[in-house]
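# Geometric and topological summary
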Amino acid sequence: MINIKCDDDFLKKNFIDLFEQRDFFLSLHFNDQYFFTIFIVKSENYLEFSINDEKIKFNLPKSFNEIFENVFNKISNIPIVIKDNHYYPFKQLIKKKHSSAFLTDIQNTIMCNLLLNSEKGIKKIDLIRTIWPNDKDIFLNKLDTHLTNLKKSLFNDIGYDLNFSSKSGIIKLAIN
């Protein structure tokens, strides 16, 4: 979900490794589709992170934990707007006016993948492999059950009628 850009390949690789250790969703897991790009600039005395034209500057030396917490806080509060809803992928939350719907890990993974692949859709098989990477057998009805539960949950919690279409094994979010 996040693309990291940095002129220093060593620094970029280390930040990617550290973010992955914290289970931070990077574009590596989503076929190079992403919601945000983080630009990292390093000088002799500071590190600067630019996210959606907002900058966070850290004087060096600084602990990775402090950097991570600040960057995570910034990104987790940036919504993805879907109709009248605000989706916060890192909080696993969808808000509509004064109502909120909290998503399970699986529901959040489904929502992320549907949004990241909103133009062309995503193969159901690929979505299943993303959600359950260790499963040897693939069951389409297992995914269909989770899609139905996500749809019902969003409608019951915030009145959001999530629509998607499935054709030739490809599922696509319908956003009007």
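Below or above, wherever it landed, is the structure these notes cover. (Residues numbered from 1 in each chain as written. Predicted model: local features only at pLDDT ≥ 70, side-chain atom pairs only at ≥ 80, totals over all residues. Heavy atoms only, no water.)

### Thoughts on the overall build of the protein
Just so we agree on the cut-off: We count a stretch as a helix when DSSP gives it H or I for four or more residues in a row; a strand needs E for two or more, and each element gets its number in order from the N terminus. Classification of residues uses two cut-offs on accessible area relative to the type maximum, computed with a 1.4 Å probe and protein chains only: under 20% is buried, over 50% is exposed, and between them is partly exposed. When checking whether two residues touch, look at their non-hydrogen atoms; a contact exists if any pair is within 4.5 Å. The charge count treats Lys and Arg as positive and Asp and Glu as negative. His and the chain ends do not count. Taken as the charge location is NZ of Lys, CZ of Arg, CG of Asp or CD of Glu.
Counting its regular elements, the protein contains five helices and 11 strands. Taken along its principal axes, the extent of the C-alpha atoms in the protein is 55 × 40 × 25 Å. The proportion of buried residues among the 176 residues of the protein is 40%. For the protein, contacts bridging at least 24 residues in sequence account for 47% of all contacts bridging at least 6. Charge centroids of the protein, computed over 24 positive and 22 negative side chains, lie 6 Å from each other.

### So, the pairing of strand β3 (residues 46-51)
How we decide: Two strands pair if DSSP finds at least two bridges between them.
Buried residues dominate β3, accounting for five of its six residues. Where strand β2 (residues 36-42) meets β3, five bridges bridge the pair, whose relative direction is antiparallel. Note on β3: the bridge partner recorded for I40 is F49. Counted along the chain from β2 to the antiparallel partner β3, the turn is three residues long. Relative to strand β4 (residues 54-59), β3 runs antiparallel, the two sharing six bridges. Each bridged residue has a counterpart across the sheet, and for E48 the counterpart in β4 is K57. From the end of β3 to the start of β4, which pair antiparallel, there are two residues, and N52 there has a positive phi angle of about 50°.

### Here we look at the nonpolar core
As a reminder of what qualifies: Nonpolar cores were defined as sets of buried Ala, Val, Leu, Ile, Met, Phe, Trp, Tyr and Cys residues, with membership established by side-chain atoms within 4.5 Å.
Among the nonpolar cores identified, the biggest contains 51 residues, and F15, I40, F49, I75, Y87, M111 and L154 are the most heavily contacted of them. At six residues, the largest contribution of residues to this core is made by helix α3 (residues 105-116). Apart from residues lying up to four places away in sequence, F49 is in contact with F15, I38, F39, I40, E54, K55, I56, F58, I67 and V71.

### Thoughts on the packing of α3 against helix α5 (residues 140-158)
For clarity, the threshold we go by: Inter-axis angles, ranging from 0 to 180 degrees, are taken between N-to-C directions of lines fitted to C-alpha atoms, where helices are fitted over the stretch in contact. Oblique is the label for any angle not covered by the other classes, which are roughly parallel (under 35 degrees), roughly antiparallel (over 145) and roughly perpendicular (65 to 115). Here the term charged refers only to Asp, Glu, Lys and Arg, the term nonpolar to Ala, Val, Leu, Ile, Met, Phe, Trp, Tyr, Cys and Pro, and the term polar to all other amino acids, Gly among them.
Close contact between α3 and α5 brings their axes to 10 Å; oriented N to C, the two are set at 90°. If you check the angle between α3 and α5, you find them roughly perpendicular. Facing α3, whose interface residues are I106, Q107, I110, M111 and L114, α5 presents L143, H146, L147, N149, L150 and S153. A class-by-class count of the residues in the contact of α3 with α5 yields seven nonpolar, four polar and no charged.

### As for the sheet that holds strand β7 (residues 93-96)
Taken in spatial order, the four strands line up as β5-β6-β7-β8 in an open sheet, and their pairing is antiparallel. If you trace the sheet from one side to the other, it starts and ends with β5 (80-82) and β8 (99-102), each paired once. Averaged over all pairs of adjacent strands, the angle between their axes in this sheet comes to 25°, without regard to strand direction. Direction of pairing for β5 relative to strand β6 (residues 85-88): antiparallel, over a ladder of three bridges. Within β6, the residue paired with V81 across the bridge is H86. Against the sheet, α3 touches β5, β6, β7 and β8, its axis set at about 110° to β6. Packed onto the sheet, α5 meets β6, β7 and β8 and runs at close to 155° relative to β8.

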